[in-house]
Structure formats: structure tokens, C-alpha cells
Amino acid sequence: MDERERVQEDEAKGPPETDPRIAGEKHPVARMIGIGVFASLIGIAITLWIDWFPEQGATSATKIDTLYDVLLICSVPVFVLVMTIAIYSVVRFRAKPGDLGDGAPIHGNTRLEVFWVTVPFLMVTALAIYGWITLDDIEAKQPNEMVVNVTGQQFTWTFQYPSEKLDAKELVLPVDRPVEFRIHTKDVIHSFWVPQFRLKSDAVPGLTTKVRVTPDREGDFEVVCTELCGLGHSTMRQFARVVPAGEFDSWVADQKKAAGGGGGGGGGGQAAGPDAEQLFTSNGCSGCHTLAEAGATAKVGPDLGKLGDVDAKFIRTSIEDPNAEITKGYKPNIMPQDFKDKLSKEELDALVKYLLEAQG
Ligand code: CUA
């Protein structure tokens, strides 16, 4: 009997009732289900035991972590099912050495196909609905909401509180008060993320993106930029300080007093110019440069406290046209070249004076 005849005979017979390789085995499917259930339980226990996220700092964090746990509980059995069948098949139906024959002529299985299309479809749909409900819940408008404008720029974050009429270089939030962050950028795409709040949003040029959060734990939580935005990307980190409501109010009052310069009212106010240290931080200089006076320690650009023997003209040129002269060991085109347009003449004067004085 040649090869072709054998194949024809096989096809005529159809697949064998019992594969000879598992002929002696009792209840192979039941055993696989047993192993699968056992492995799934172990897998679920391990995934729930692992601490995937940092501490929860907002009401949204609890909901997101629960969603994540549900996703894990649903995915582990699917993973185990696929792996159990795959490993069982590889071990049990492995071809014997020298066996070059074809497999049994199987042409699909309608019942099985309906099952493996319907079940995943229902699971994914149910999880998508649950995810949507959770997102809707987190994004719902809250009463007594406070708006905070967040602005990203290379390489710093600044914050503005419209109802408090306050600009700040740090993010302070009263605990248990809903916040709506409105996120902007002055230059490239950044991404605003506080891991303890779980939520994250890109800062996109020309758009205002929004994130709603109700911080429910006091503490210092890092604000991280999670979009590669340039050489100083990894230094684009600040803190969100969540404090009791009373402390927030006194912080606002302090900030306003500081911003008001000599204070209002009587007497011989010397015309206090713009606060140069504030300018230094809020324009992102501290995101790249070290300057002891301003508490800046970044190392993307030169240390501005150690410029050596320089004059006001050099400092001004270096801000207005950064590529005019590049300090040895640093590269051109790293520093933004639009400070000339962004800063007013008074602000530039104040910065130049401040940096000149910083040379000691
Ligand atoms: Cu801003 Cu990365």
C-alpha cells in the first residue's frame, strides 16, 4: 500500500475514536480540569499577594486597584487553561523518534469553536463595561471641587490656583477635597502622574486635558513626568503635598504674602521687581541647572553658581541666545531658545542681576 492509498483510507475512516497514545488514560479531560483549577487558584493567590502599586493616596486609587484585581482574577484562569492544554498536548502527543506520518485528519469542531469565541467575547465585554463604569465614576464632577492648573515645560511643573488667585511652584492640596487638574504644556508633550493617585494624563500642546482626584491621605507624593520630553525628563519630578484643610489655607496666605513682595499699603515701597528666584524655578531653569541659592541641583546644564569670571552681558546673551557660547562639556540646542520671547524685559533684568550676584 503506497502513501496515497493510506491517506485515503485514513480519511475514509475519519479520526480514530481514541488516540492510541492516550488509550490507557482514564478521564484525561477531568484530570486536566483538576490541574487547571488547582494551578489557577495558586496563580490567583500569587497575583493578589504581590503589591503591584504604591500606597493609595486618593479615592480613585481604591477603585482602580479593585478593577486591577478583578482583571487579574479573570486573566489567570484563561492563561492557565491555555498553558495546561498546550503543555499536556506537547508532552502526550509528542511524535515518536522516526515517526514521519501525518496527524489525524481533523476538520474543525463547531462546538469547540462556538465556545472559544463566545466565552472570551462575553468576558471581555463584561470587563469593558465594568471598566467604563469605574472610569465614569472617577471622572464624575464633584461638589466643592477645586481647580488647579498644571503647566508642564522642559523640565518643571508649575501650578496655578484660579480661585485662590495664586501661582505656585509646588503642588499643595487639602486632604479630602475634590480637585480638577487642568493640564497644559508650554512646549512639548509631557505627562502628569502621581502614582499614589493612580491617574495620569498627557500634557499636549494646544489642548487642556483634565484629571479629577480626591486625595484622601496626607503625605508627600511624587509628581512624575512620564513622557520622554528631552534630556531633563528624568529630573522633571516634584512633590504633591497633601495637608489638612487648615494648613492649606495658611499655605495659600503665606504664598500670597510672599508673592505680594513688600506687602501693600503705606510707606515707602521700593519698587520691588519680579522675584528672580521664583522666575528661576517657574521658568524651568532649576529643571536643568544647579544653583545653590535656589536649591536647584539638576545637572543637564552648567552650574549657574560657578560660571567664573562673567559679566551681565554674557549672562543675558546666554539666556536670550543659548547657542551663542556653549560651555565646554555641554551640547548646543538643549536649552530652549525662546526665553527672549517668554520673559519680559523686567524679568530678564531681574534674572541677569540675580545670576550675577550668585557668582559670589
Ligand atoms: Cu516632561 Cu518628561
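What comes next concerns the included structure. The numbers attached to residues start from 1 for each chain and follow its sequence in the written order. In keeping with the model being predicted, local features are shown solely for residues with a pLDDT of at least 70 and side-chain atom pairs are shown and tallied solely at 80 or more, while totals for entire chains, interfaces and linings include all residues. As a rule here, side-chain values come from all non-hydrogen atoms in the structure, and water together with hydrogens is ignored.

### Brief notes about helix α9 (residues 345-357)
Helical segments are the DSSP runs of H or I of at least four residues, strand segments are the runs of E of at least two, and each set is numbered from the N terminus. An expected span of 1.5 Å times one less than the residue number is assigned to each helix. For α9, with 13 residues, the first-to-last C-alpha span of 18 Å sits near the 18 Å given by 1.5 Å per residue. The set of residues buried in α9 consists of L348, A350, L351, V352, Y354 and L355. Considering only its buried residues, α9 is in contact with α6 (276-282), β11 (290-291) and α7 (312-320). Only protein chains enter the accessibility calculation, which uses a 1.4 Å probe. A residue is then buried if its area is under 20% of the maximum for its type, exposed if over 50%, and partly exposed in between. Note on contacts: a residue pair is in contact if any heavy atoms of the two residues lie within 4.5 Å.

### Here we look at the nonpolar core
One finds V148, Y161, L171, L173, F181 and F192 to be the most contacted residues of the largest nonpolar core, which totals 39 residues. If you look at the next biggest cluster of nonpolar residues, it comprises 20 residues, including F280, F339, L348 and V352. Here, nonpolar core refers to any group of buried Ala, Val, Leu, Ile, Met, Phe, Trp, Tyr and Cys residues whose side-chain atoms link them within 4.5 Å.

### Observations concerning the pattern of salt bridges
Criterion for a salt bridge: a side-chain nitrogen of Lys or Arg within 4 Å of a carboxyl oxygen of Asp or Glu. Counted by the stated rule, this structure contains 14 salt bridges. Across the salt bridge formed by D137 and K63, the nearest N and O atoms sit 3.4 Å from each other. Taken together, the residues D137 in helix α4 (residues 110-139) and K63 in helix α3 (residues 59-92) connect sequence positions 74 residues apart. Taking relative accessible area as the criterion, D137 reaches 38% and is therefore assigned partly exposed. Classification of K63 by relative accessible area gives partly exposed; the value is 30%. Between R212 and E145 there is a salt bridge; the shortest N-O distance is 2.7 Å. Of the two residues, R212 sits in strand β8 (residues 209-213) while E145 sits in the loop between α4 and β1 (146-153), which places them 67 residues apart along the sequence. It is possible to trace a salt-bridge network through shared partners that takes in K141, E145, E180, R182 and R212.

### Thoughts on the sheet that holds β1
Here a strand pair is declared whenever DSSP counts at least two bridges between the two strands. Pairing is mixed in the open sheet, where 5 strands are placed in the order β3-β2-β1-β5-β8. Each edge of the open sheet is held by one strand with a lone partner, namely β3 (166-168) and β8. Strand after strand, the sheet turns through a mean of 25° between neighbouring axes, direction not considered. Here strand β2 (residues 156-161) runs beside β3; their pairing, made up of 3 bridges, is antiparallel. Looking at β3, one finds that F159 is bridged to A168. Axes here refer to lines fitted to C-alpha atoms; in helices the fit is confined to the stretch in contact. Angles between the N-to-C directions go from 0 to 180 degrees.

### Quick word on the sheet that holds strand β9 (residues 219-225)
In spatial order, the strands read β4-β10-β9-β6-β7; together these 5 strands make up an open sheet with mixed pairing. Edge positions in the open sheet fall to β4 (171-174) and β7 (200-203), since each of these has one partner strand only. The mean angle between the axes of side-by-side strands here comes to 25°, regardless of whether they run parallel or antiparallel. Bridge analysis of β9 against strand β10 (residues 237-243) gives 6 bridges, and the strand direction is antiparallel. Paired with V223 across the strands is Q238, a residue of β10.

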